[in-house]
Amino acid sequence: MLTQQRFQVRAATLAEESLVAHHFYQMWLDNQIAKEVIAIDWLDIILQFIHQARQTLGYQAFVAEVSGKVVGSAGCQQLAGLYPNIINAAERCDGYIWGVYVEPAHRGQGIATQLTQQAIAHLRTIGCTHAVLNASPSGRPVYERLGFVGSNAMKLDLRGDEATN
């Protein structure tokens, strides 16, 4: 039986970037991605990505702690885009939430929900109008409860009433 534990969600520190990277790696393994297909230098790749996203895309990670131990994390930043964005940023500035991960022993307690809500709040502060993410099958119900529209690429209008999110 799962015991409900108190947890705290906060902004990750620079010193916790490696932990966030390890959670991102573990997320792929938990979603049945074989270790053999993950780049051997995955840690360097992730840390370089985080560094660049922090410098240019308003990146921020959040961590969840139980009894002083980090048990989950999530990252977010402005979406760099897949094509030239010619629409005014006040109308369309997508943010991207990625790497939402909670260690198995701590799942089902609302931690992923709180991490995602913190990411949404951060995206609002950096001027994003929508939040986009790619949901795993286990994550889809969490995101749908937060108002994301169901599909592989989910979208949430951040310009709406904050009280409903």
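Residues numbered from 1 in each chain as written. Predicted model: local features only at pLDDT ≥ 70, side-chain atom pairs only at ≥ 80, totals over all residues. Heavy atoms only, no water.

### Things to note about the pattern of salt bridges
Okay, so step 1: Counted by the stated rule, this structure contains seven salt bridges.
Okay, so step 2: Between R107 and D30 there is a salt bridge, with the nearest N and O atoms lying 2.7 Å from each other. With R107 in the loop between strand 4 (94–102) and helix 3 (111–125) and D30 in helix 1 (residues 17–30), this residue pair connects regions lying 77 residues apart in the sequence.
Okay, so step 3: With a relative accessible area of 27%, D30 lands in the partly exposed category.
Okay, so step 4: Shared partners join several salt bridges into a network, and the residues in it are R10, E16 and E65. (Salt bridge = Lys/Arg side-chain N within 4 Å of Asp/Glu carboxyl O. Helix = DSSP H or I, 4+ residues; strand = E, 2+ residues; numbered from the N terminus. Buried < 20%, exposed > 50% of the residue type's maximum accessible area, 1.4 Å probe, protein only.)

### Topic: the environment of G147
Okay, so step 1: Tracing the chain through its elements places G147 in the loop between helix 4 (140–145) and strand 6 (153–157).
Okay, so step 2: Overall, G147 belongs to the partly exposed group, its relative accessible area being 37%.
Okay, so step 3: Residues G147 and D157, 10 residues apart in the sequence, show an inter-C-alpha distance of 8.7 Å.
Okay, so step 4: With sequence-adjacent residues up to four places away left out, G147 is seen in contact with K155 and L156. (Contact = heavy atoms within 4.5 Å.)

### Looking at the nonpolar core
Okay, so step 1: Among the nonpolar cores identified, the biggest contains 26 residues, and I97, L115 and F148 are the most heavily contacted of them.
Okay, so step 2: For this core, the elements supplying multiple residues, two or more each, are strand 2 (60–66), strand 3 (69–78), strand 4, helix 3, strand 5 (130–134) and helix 4.
Okay, so step 3: Counting residues per element, this core draws most heavily on helix 3, which supplies five residues.
Okay, so step 4: The residues touching L115, leaving out its near neighbours within four places in the chain, are V9, F62, V63, A64, G72, S73, A74, Y101 and V102.
Okay, so step 5: A21, M27, W98 and V132 belong to the second-largest nonpolar core, a separate cluster that totals 21 residues. (Core = buried A, V, L, I, M, F, W, Y, C linked by side-chain atoms within 4.5 Å.)

### Topic: the packing of helix 1 against helix 2 (residues 42–56)
Okay, so step 1: Between helix 1 and helix 2, whose axes approach to 9 Å, the crossing angle comes to 120°. As summarised for this structure, helix 1 and helix 2 are arranged oblique, according to the angle between their axes. For helix 1 against helix 2, the interelement crossing comes out right-handed. For the pair helix 1 and helix 2, the contacting residues are E17, S18, A21, H22, F24 and Y25 in the first and W42, L43, I46, L47, I50 and R54 in the second.
Okay, so step 2: Taken together, the residues of the contact of helix 1 with helix 2 break down into eight nonpolar, two polar and two charged. (Axes fitted to C-alpha atoms, helices over the stretch in contact; angles between N-to-C directions. Parallel < 35°, antiparallel > 145°, perpendicular 65-115°, else oblique. Left-handed = near helix turned anticlockwise from the far one by under 90°. Nonpolar A, V, L, I, M, F, W, Y, C, P; charged D, E, K, R; others polar.)

### Considering the side chain of Q60
Okay, so step 1: By the element assignment, Q60 lies in strand 2.
Okay, so step 2: In this structure Q60 comes out as buried when scored by relative accessible area, which is 17%.
Okay, so step 3: Once residues lying within four places of it in the same chain are set aside, the contact partners of Q60 are A11, A12, A74, G75, C76 and H122.

### Digging into the pairing of strand 4
Okay, so step 1: Judged by how many residues are buried, strand 4 sits mostly within the fold: nine of nine residues are covered.
Okay, so step 2: Across six bridges, the pairing between strand 3 and strand 4 is antiparallel. Looking at strand 4, one finds that S73 is bridged to Y101.
Okay, so step 3: Summarising the sheet, strand 4 and strand 5 pair through three bridges and their orientation is parallel. Residue pairing across strands places G95 opposite A131, the latter belonging to strand 5.
Okay, so step 4: For the segment spanning strand 4, helix 3 and strand 5, crossover handedness is right-handed. (Pairing = 2+ DSSP bridges. Right-handed = clockwise from strand over helix to strand, strands pointing away.)

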